Amino acid sequence: MQKIKSLMTRQGLKSPQENIHDLSPVENFRIPSKEELRELREQPTDPQAQQEIINSIEEVYFSSDSFDIVKYELEKLPPVLSLQEMEEYRDKLKQQQAAVSKKVADLILEKQPAYVKELERVTSLQTGLQLAAVICTNGRRHLNIAKEGFTQASLGLLANQRKRQLLIGLLKSLRTIKTLQRTDVRLSEMLEEEDYPGAIQLCLECQKAASTFKHYSCISELNSKLQDTLEQIEEQLDVALSKICKNFDIHHYTKVQQAYRLLGKTQTAMDQLHMHFTQAIHNTVFQVVLGYVELCAGNSDTKFQKLQYKDLCTHITSDSYIPCLADLCKALWEVMLSYYRTMEWHEKHDRDEGTASSSVSDGNNVIGAEETNFDRSYVQKKLEHGLSRIWQDVQLKVKTYLLGTDMSNFKYDDFIFVLDIISRLMQVGEEFCGSKSEVLQESIRKQSVNYFKNYHRTRLEELRMFLENETWELCPVKSSFSILQLHEFKFMEQSRSPSVSPSKQPASSISTTITLFEQYCNEGNPFEIQVNSKDDETEDVLASNGYESDEQEKSAYQEYDSDSDVPEELKRDYVDEQTGDAPVKSVSRETLRSRKRSDYNLNKVNAPILTNTTLNVIRLVGKYMQMMNILKPIAFDVIHFMSQLFDYYLYAVYTFFGRNDTFESTGLGLSSSRLRTTLNRIQESLIDLEVSTDTTGTLTAAEERKEKVPSPHLSHLVVLTSGNTLYGLAERVVATESLVFLAEQFEFLQSHLDAVMPAAKKPFLQQFYSQTVSTASELRKPIYWIVAAKAIDYEQMLLLMANVKWDVKEIMSQHNIYVDALLKEFEQFNRRLNEVSKKVRIPLAVSNILWEHCIRLANRTIVEGYANVKKCSNEGRALMQLDFQQFLMKLEKLTDIRPIPDKEFVETYIKAYYLTENDMERWIKEHREYSTKQLTNLVNVCLGSHINKKARQKLLAAIDDIDRPKR
């Protein structure tokens, strides 16, 4: 079948008749003729039988068109041919051919109508195509005629015009491309002019323009070039940003910020800025220290540049330490000031932007405003966080510098200057970020404690040397002298707000305080080394030859009842001669009146009594307080060392003038228990009593001895054994009263010390004042007691009293001569006291103590003399009373002391003679102030008059009971 179909296709679309005639006669499958077809139709056929015949045809006959049937059949013939078989096989093939032919004929007849219809359509299509060919031929002919006649010229013009327009556009694009290619020159100029916003704006516009012409091949190279240029601008912008860290310029920083905003990298700029500030701090301190190290080394050795900053700091010499520190702080100040001004710029810029955004309420800019607010918030938080971070870096760098050098051997003024610089730096830190500068405080505290221990040890040794060479002569100072006039206490002037008049106060203290950043924002530096004005000032504290002016001297002699001629400065409290400040201590007219004869100071104005050593101690206290005022964390150490200065001075005065075991054993309570406790404490904690050089002791013992000072020795120039000088009374007065004056100055400074003392250590300060400073005046008693004990010859009086006969039988009207002798001793004592007062003013309190001691000793001597009496009558007792009354009457003319000390001590003893047995026993038990000898003598003298032997034994037993606990 396939062969039949393919054959029909190759033959074309012809009528069945034509197709039948065209079939090759050589084909095996010949189309049957009409007769044959008729025969085939007439032959009765069984379709099933016919189909079986077709099915019996070999498959090879249906394989392909190129199959050679004849050859195939011939090849199938057996080697030995049989006619019968051949004929049978031929008949079979004929039957098969007939079946196939009949089948083909049936199919042809079946498809005949469709074939005819399709053939008609093909014929119609062929006719239409021929007509179209004719129309096209005519159209081409007419077009050729039109082209030749009119259209060719017009269309040529239009084409040329279109080409011209395209070329004009191309020329414009080429010019733009040429401009873009020359943009790098202009960008370089703008970068040299530091017009970063303009350069970035231009570069971005060029990139935008380049994207428009990206279809040109040359633009791709230009695009990469513009991108490189933009990266270069960003690098230069980063360099420009780094310059802000050391020298802030508003216009410069505004350009940089505008440039970063155009790039959309505001947050990145802030991150970079903080990195640059950190780097600036490191580079700055390294360069400053390196410069000084190389300068001191004196050569151009580059080995220092390779050192770490910490190691570099150890090469700073002591001479260059302070200038280097000052330059270091100045450089760091510039960095922090730049950061401060950067924050100011952002705050002002944010306010201006906020005002502008509130005035323009455009809904289209909501998203942009939100992004701007986010950037603004990020920048603000970053700047606030950077404050503490930058200050921490500054602290660490300065700490490394501070700890890199041992400052224990620095001069005091140099070390104070270092402390002042660090204190100013900590003030900067507090204003910068509210920091308490714990890192700086700890580092300077270590250095200060180390320095101060060494400094204090040296000062104690100097104080011992001063004390051992001190002749205890009066240092002439003005009556208006105050420690605040000393250079060492000038730092307290600002803190004395009550004594500074409003007119003297600076305007800044009245109005709001100006911070250092506000003060030095535009010019200047808080760490500029200023020439100390100490050299230009003079301390106007010394009096001329120990006397004040004539007016002041004259005022001291005015009538005490009239104060009209008393100078105003004596009515008022002291007035600072330089500043006119308000009073500190007063000399009232009541005080002047009260002095009278007992105050041996009318030859001089009431100037403070102090020595050069006292003044030196006061100056040391001022220096210590300067250090403490600058560096409050070491306040406790400083106050502890200050207390040691006072302790050593007090111990020296007591050792020189007050130590006397003979008088200490009198039991008169000359030294209070508090004073004894204080002296014992000082001796145990401060005084090195060991003189051996044995080094075999423990290290702890050696360290303890290192903290102690040897006991001072009185100068051999000071003579305390001459009766004419009242046994060195002038020196004793100067020493004791200078100690009292020193204690008064400590009292004056107490509030200031208490203000800087840590709360946990305040009990130490309170104990120091209550148990040490307040005992200074108590030292007067034991010191002046020694003078009183030697000034009057009490032994001679006892001898005179022993020669008196007390068992007289009649009442005497004349007192005994020992009373006159005793009064003469007192008169001589008074004269000597006057002589001493010409050298040294003797304060009222001192003269009162001297007189009190002398009178007390005289009265006790009288009682002792009465206790030595073997026999005494009632008349003798009356004579004793007469003698004592005579003594009191004359004594009251010599002194103003009232009541007379120990008056009752004598009178009670005399009156006890008249007591009965029972009253005397009770009296003995109540009056334990009398010695056993005095009580025993009283009982023995009374024996025979009104006390019998039995009563005597009883009273002596009572006395023995009282005396037993004392043993």
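Residues numbered from 1 in each chain as written. Predicted model: local features only at pLDDT ≥ 70, side-chain atom pairs only at ≥ 80, totals over all residues. Heavy atoms only, no water.

So, the overall build of the chain
Okay, so step 1: A count of helices and strands for the chain gives 37 helices and two strands.
Okay, so step 2: Per-residue burial for the chain yields a buried fraction of 41% across its 967 residues.
Okay, so step 3: Counting only contacts in the chain whose residues sit at least 6 apart along the sequence, the fraction spanning at least 24 positions is 79%.
Okay, so step 4: Surface exposure of the chain reaches about 53900 Å², of which carbon and sulfur atoms provide 52%. (Helix = DSSP H or I, 4+ residues; strand = E, 2+ residues; numbered from the N terminus. Buried < 20%, exposed > 50% of the residue type's maximum accessible area, 1.4 Å probe, protein only. Contact = heavy atoms within 4.5 Å. Areas by Shrake-Rupley, 256 points an atom, 1.4 Å probe, with all protein chains shown as cover.)

With respect to the packing of aromatic side chains
Okay, so step 1: Taken as a whole and judged by the stated rule, the model has 38 aromatic pairs.
Okay, so step 2: Measuring from ring centre to ring centre gives 5.9 Å for Y61 and Y72, while their planes differ by 90°; the resulting arrangement is edge-to-face. Of this pair, Y61 sits in the loop between α4 (47-55) and α5 (69-76) while Y72 sits in helix α5, placing them 11 residues apart in sequence.
Okay, so step 3: Its relative accessible area of 21% is what places Y72 among the partly exposed residues.
Okay, so step 4: A ring pair is formed by F829 and W851, whose centres lie 5.3 Å apart and whose planes are at 80°; its orientation type is edge-to-face. Of this pair, F829 sits in helix α31 (residues 817-839) while W851 sits in helix α32 (residues 844-867); the two residues are 22 residues apart in sequence, bridging distant segments of the chain.
Okay, so step 5: Given a relative accessible area of 1%, F829 falls into the buried group. (Phe/Tyr/Trp six-rings, centres within 6.5 Å; stacked < 30°, edge-to-face > 60°.)

Some points on a negative patch on the surface
Okay, so step 1: Side chains of E344, E347, E384 and E518 sit close together on the surface and give a patch of like negative charge.
Okay, so step 2: One can find E344 in helix α13 (residues 318-359). (Patch = residues over 30% accessible without salt bridge, like charges linked within 9 Å, V, L, I, M, F, W, Y side chains within 5 Å. Salt bridge = Lys/Arg side-chain N within 4 Å of Asp/Glu carboxyl O. Lys, Arg positive; Asp, Glu negative; His and termini not counted. Charge placed at Lys NZ, Arg CZ, Asp CG, Glu CD.)

Examining the packing of α32 against helix α33 (residues 874-894)
Okay, so step 1: At their nearest, the axes of α32 and α33 sit 12 Å apart, and the two run at 170° to each other. It follows that α32 is roughly antiparallel to α33 by the angle criterion. Across the interface between the two elements, W851, I855, A858, N859, I862 and Y866 of α32 pack against M880, D883, F884, F887, L891 and L894 of α33.
Okay, so step 2: Looking at side-chain class alone, the contact of α32 with α33 contains 10 nonpolar, one polar and one charged residues. (Axes fitted to C-alpha atoms, helices over the stretch in contact; angles between N-to-C directions. Parallel < 35°, antiparallel > 145°, perpendicular 65-115°, else oblique. Nonpolar A, V, L, I, M, F, W, Y, C, P; charged D, E, K, R; others polar.)

A closer look at the side chain of E921
Okay, so step 1: With respect to the element layout, E921 can be found in helix α35 (residues 917-926).
Okay, so step 2: The residues touching E921, leaving out its near neighbours within four places in the chain, are K954 and L955.

Here's the deal with the side chain of H752
Okay, so step 1: Tracing the sequence through the fold places H752 in helix α27 (residues 729-756).
Okay, so step 2: Take H752: its relative accessible area is 14%, and that puts it in the buried class.

Comments concerning unusual backbone geometry
Peptide bonds are trans in most cases, and residues, glycine excluded, mostly fall at negative phi.
Okay, so step 1: In this structure, the amide linkage connecting R898 to the following residue, P899, adopts the cis form with an omega of -10°.
Okay, so step 2: Along the polypeptide, P899 turns up in the loop between α33 and α34 (903-911).

Let's talk about the pattern of salt bridges
Okay, so step 1: What the rule picks out here adds up to 25 salt bridges.
Okay, so step 2: When the shortest N-O distance is used, the salt bridge between K330 and D327 registers 3.4 Å. Here K330 and its partner D327 are both found in helix α13, three residues apart, which amounts to about one turn of the helix.
Okay, so step 3: Judged by its relative accessible area of 25%, D327 falls in the partly exposed class.
Okay, so step 4: R860 is the salt-bridge partner of D902, the closest N and O atoms lying 3.1 Å from each other. Residue D902 is located in the loop between α33 and α34, and its partner R860 is located in helix α32; the two are separated by 42 residues in the primary sequence.
Okay, so step 5: Given the relative accessible area of 13%, D902 is considered buried.
Okay, so step 6: Owing to a relative accessible area of 23%, R860 belongs among the partly exposed residues under this scheme.
Okay, so step 7: Each of R457, E461, R464 and E468 takes part in one network of salt bridges that share partners.

A look at the confidence of the model for the chain
Okay, so step 1: Residues with a pLDDT of 70 or more make up 77% of the chain, whose mean pLDDT is 78.
Okay, so step 2: When the criterion is pLDDT under 50, residues 496-511 qualifies, and its contacts beyond four places in sequence or with other chains add up to 13 contacts.
Okay, so step 3: Taken together, the stretch residues 531-536 has pLDDT below 50 and engages in two contacts with residues farther than four places along the chain or on a different chain. (pLDDT = per-residue confidence, 0-100.)

Focus: helix α30 (residues 794-802)
Okay, so step 1: Among all positions of α30, only Y794, M797, L798, L800 and M801 are buried. An end-on view of α30 places all buried positions within 160° of arc, on one side of the element. Residues of α30 that are exposed and angled more than 90 degrees away from the buried face: E795, L799 and A802.
Okay, so step 2: Residues of α30 that are buried sit in contact with α29 (780-791), α31 and α32. (Arc of directions from axis to C-beta.)

Section: the packing of α31 against α32
Okay, so step 1: Interaxial distance between α31 and α32 falls to 12 Å at its minimum, and their mutual angle equals 165°. Classified by the angle between their axes, α31 and α32 sit roughly antiparallel to one another. For the crossing formed where α31 meets α32, the hand is right-handed. Where α31 abuts α32, its residues Y818, L822, F826, F829, N830 and L833 lie against L850, W851, C854, I855, A858, I862 and Y866.
Okay, so step 2: Residue composition of the contact of α31 with α32, by class: 12 nonpolar, one polar and no charged. (Left-handed = near helix turned anticlockwise from the far one by under 90°.)

Observations concerning the nonpolar core
Okay, so step 1: Residues F826 and F887 are the most contacted members of the largest nonpolar core, which totals 226 residues.
Okay, so step 2: Beyond its immediate sequence surroundings of up to four residues, F887 is in contact with V819, L822, L823, F826, A858, N859 and I862.
Okay, so step 3: Counting residues in each nonpolar core, the second largest holds six residues, with I57, I69, V100 and V104 among its members. (Core = buried A, V, L, I, M, F, W, Y, C linked by side-chain atoms within 4.5 Å.)

Description of the environment of K911
Okay, so step 1: Summarising the element assignment, K911 is placed in helix α34.
Okay, so step 2: For K911, a relative accessible area of 48% puts it in the partly exposed group.
Okay, so step 3: In this structure the C-alpha to C-alpha distance between K911 and A878, which are 33 residues apart in sequence, comes to 9.4 Å.

Side note on a nonpolar patch on the surface
Okay, so step 1: There is a patch of nonpolar side chains on the surface, built from L167, L170 and L174 and spanning about 250 Å² of accessible area.
Okay, so step 2: Inspection of the secondary structure puts L167 in helix α6 (residues 83-181).
Okay, so step 3: Residue L167 is classed as partly exposed on the basis of its relative accessible area, which comes to 48%.

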